[in-house]
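Summary of structural features
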Amino acid sequence: MHALSAGDVDLTTILADMTLPNPVMTASGCAAAGRELHQFFDVADLGAVVTKSIMRDPRSGRPTPRMAETPSGMLNSIGLQGPGIDAFLAVDLPWLVRRRARPIVSIAGSTLVEYAELARRVGQSPGVTAVEVNISCPNVENRGLVFACDPYQAAKVISVVRRETPPGVPVLAKLSPDVTSIVTVAESVMEAGATGLTLVNTLLGISIDTESLRPVLGGVTGGLSGPAIRPVALRCVWQVHQAMPEVPVVGVGGIASGQDALEFLLAGASAVQVGTVIFNDPGAPMRVVAELAAELAARGFAKAADAVGFAHRPARLPGDTG
Ligand SMILES: Cc1cc2nc3c(=O)[nH]c(=O)nc-3n(C[C@H](O)[C@H](O)[C@H](O)COP(=O)(O)O)c2cc1C
């Protein structure tokens, strides 16, 4: 038997009714709507492009500064700055569709009515591969508590989005790791009609400037991302796959190499997203595709799908030849 080479590996990914050429996507908010990345590689070569969460109205985001470096990650408090749904549907989405990319449109709202309107308008737009629902937003109708941190509120958003989105368009619920039980929230949104899960959004953090003696970020708290959160994100994927192995999962959090991506597949993710690393290496998503193929080949996986959840299998005992 000859050793596999990277070119022999079948990276085709079937995820919640979507068939993608490979399992690597951009993470929402880390590559806008893909246009800036197109100078580094063809965005149609990615498994999918997940767009920055779009809200109903144009927003200027939170006060500056909005970014802070941490030893192995980044804190951001961008606050969902964006052009609003009208401009997104008129300019950004048609560009991705023309490029033959597979757009997964991330939506975010502060009320159920906003989520419903966004889901309806995005779901009816031609060329949308899936809707990803960012529920890590404050619920203005419930004391500003984040939807994603309450299984009941999280499910309410997903059931509204599912109802308003055409049946053929998959709905991915993107969960927050800042909860006591990720499995409880995962079960709740799956019951509410999600087709799959994206795990995870940033962790809430804070940084204090010891010169000014005040918080660094204008918004005080921010989302922690990058290598620091990889073990947490991986743990979430692991726990959810263990509890619900049939549920399609997209893993995200600190992925910067093919080896990182392989870890997420082995934990149970069918696909992965690449986020923070793009800010210092814009070519990272396609590099991860190539590196993942090489990592799979080196371990004898002829198909990426064969690696999904592999780490949950009992280890072979010494002398076990079966
Ligand atoms: C600058 C920045 C902006 C982000 N914006 C969004 C967003 O609009 N919607 C969303 O669901 N996640 C957003 N995220 C979270 C990422 O999509 C991702 O879940 C998280 O950063 C973990 O992945 P990473 O460590 O690879 O960046 C953002 C992250 C960063 C760093």
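Residues numbered from 1 in each chain as written. Predicted model: local features only at pLDDT ≥ 70, side-chain atom pairs only at ≥ 80, totals over all residues. Heavy atoms only, no water.

**Here we look at unusual backbone geometry**
As a reminder, the rule being used: Each helix is a run of H or I in the DSSP string that is no shorter than four residues. Each strand is a run of E no shorter than two, and both are numbered from the N terminus.
In this structure, proline 65 follows threonine 64 across a cis peptide bond, with omega equal to -10°. By the secondary structure assignment, proline 65 is in the loop between strand 4 (49-50) and strand 5 (67-70). Backbone torsion omega between leucine 199 and valine 200 reads 15°, so that peptide bond is classified as cis. Looking at the element boundaries, valine 200 is found in the loop between strand 12 (196-199) and strand 13 (203-206). Positive phi values are uncommon outside glycine, yet alanine 32 reaches one of about 45°. Phi at arginine 100 is positive, roughly 65°, even though this residue is not glycine. Topologically, arginine 100 is positioned in the loop between helix 1 (85-98) and strand 7 (103-107).

**Considering the pattern of salt bridges**
To keep it simple, the criterion reads: Salt bridges are identified by distance alone: a Lys or Arg side-chain nitrogen within 4 Å of an Asp or Glu carboxyl oxygen. Relative accessibility thresholds used throughout: buried, under 20% of the residue-type maximum; exposed, over 50%; partly exposed, between the two (1.4 Å probe, protein chains only).
A complete count under the given rule lists eleven salt bridges for this structure. For glutamate 117, the salt bridge identified is with arginine 56, shortest N-O distance 3.5 Å. Of the two residues, glutamate 117 is situated in helix 2 (residues 112-123) and arginine 56 in the loop between strand 4 and strand 5; the sequence distance between them amounts to 61 residues. Take glutamate 117: its relative accessible area is 22%, and that puts it in the partly exposed class. A residue is classified by how much of its surface remains accessible, and arginine 56, at 26% relative accessible area, is partly exposed. Among the ionic pairs, glutamate 164 bridges to arginine 163, the shortest N-O distance being 3.4 Å. Among the charged side chains, a salt-bridge network with shared partners connects Arg56, Asp57, Glu114 and Glu117.

**Observations concerning the pairing of strand 7**
To keep it simple, the criterion reads: A pair of strands is treated as paired once DSSP finds two or more bridges between them. Here the term right-handed applies to a crossover when the path leading from its first strand over the helix to its second strand runs clockwise, the strands being oriented away from the viewer.
Counting buried residues in strand 7 gives five out of five residues, a clear majority hidden from the surface. For strand 4 and strand 7, the ladder comprises two bridges, and the chain directions are parallel. Within strand 7, the residue paired with valine 50 across the bridge is isoleucine 104. Across four bridges, the pairing between strand 7 and strand 8 (residues 130-134) is parallel. Paired with valine 105 across the strands is valine 131, a residue of strand 8. The parallel pair strand 7 and strand 8, bridged by helix 2, forms a crossover whose chirality is right-handed.

**A look at the environment of proline 245**
Among the structural elements, proline 245 can be located in the loop between helix 5 (230-243) and strand 17 (249-252). Take proline 245: its relative accessible area is 48%, and that puts it in the partly exposed class. Between the C-alpha atom of proline 245 and that of valine 277, which follows or precedes it by 32 residues, the distance is 29 Å.

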